[in-house]
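Listed below, chain by chain, are the residues.
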Amino acid sequence: MDRQTDFLASNQKKHINIPALTGQSYVVSMMVLFRCQTAYADIFDTAKSAMQQVYTDVAGIATVGAVVCAAVCLFLMNFSKSGKTVDESRAWLKRIIICWAALMTLGGIVTYMESIIPKNMFSA
């Protein structure tokens, strides 16, 4: 008889109480959110400084690259005997200047938009 009750007890499926599980997960998630609220402002400050650093690095690399490419285009324009090479160099020089100006303008746009959008819009 004991073997039979042990066998039946081991084969029974466990009952999962879904409403209780949902309530417990809600409580745990709210506790985690409330504990993370103090770090909320730090996230934006960290992201802002990281993006400024990335933009500064990209702008520096783009400026050096644009100067080198523009120098190559100018050398080709001045020392080439072919009219086709001169025209292509002039076209590439225009593209380089336009792309560099667009990249530098992005920093100005972000700075301008940052002054327009109030910072309290992002706080809880």
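Given the structure is predicted, the values throughout are model-derived calculations rather than measurements. Throughout, a residue's number is its position along its own chain's written sequence, starting from 1. This being a predicted model, a pLDDT of at least 70 is required before a residue's local features are given, and a value of 80 or more before pairs of side-chain atoms are given or counted; all residues contribute to the totals for chains, interfaces and linings. Hydrogens and waters are ignored; side-chain quantities use all the structure's heavy atoms.

### So, the overall build of the chain
Thought 1: When helices and strands are counted, the chain shows 4 helices and 0 strands.
Thought 2: For the chain, the succession of helices and strands along the chain, N to C, is α-α-α-α.
Thought 3: Think of it in three bands: residues with accessible area under 20% of the maximum for their type are buried, residues over 50% are exposed, and the middle band is partly exposed, with areas taken using a 1.4 Å probe on protein chains only. Across the 124 residues of the chain, 7% fall into the buried class.
Thought 4: Contacts: residue pairs with any heavy atoms within 4.5 Å of one another. The long-range share in the chain, meaning contacts at least 24 apart out of those at least 6 apart in sequence, stands at 60%. Only DSSP runs of H or I with at least four residues qualify as helices, and only runs of E with at least two residues qualify as strands; both kinds are numbered from the N terminus onward.

### Section: the nonpolar core
Thought 1: What we call a nonpolar core is a set of buried Ala, Val, Leu, Ile, Met, Phe, Trp, Tyr and Cys residues that are connected through their side-chain atoms within 4.5 Å. Among the nonpolar cores identified, the biggest contains 5 residues, and these are Ala66, Ala70, Cys73, Leu93 and Ile96.
Thought 2: Examining the composition of this core, we find that 3 residues originate from one element, helix 3 (residues 40-79), more than from any other.
Thought 3: Apart from residues no more than four positions distant in its own chain, Ala66 is found in contact with Ile96 and Trp100.

### Details of the environment of Ala62
Thought 1: Structurally, Ala62 can be placed in helix 3.
Thought 2: Counting along the chain gives 37 residues from Ala62 to Cys99, while the straight-line C-alpha distance between them is 9.3 Å.

### Section: the environment of Glu88
Thought 1: Tracing the backbone through its elements, the reader meets Glu88 in helix 4 (residues 83-116).
Thought 2: On the basis of relative accessibility, which here comes to 44%, the residue Glu88 falls in the partly exposed class.
Thought 3: Sequence separation between Glu88 and Met77 is 11 residues; the distance between their C-alpha atoms is 8.7 Å.

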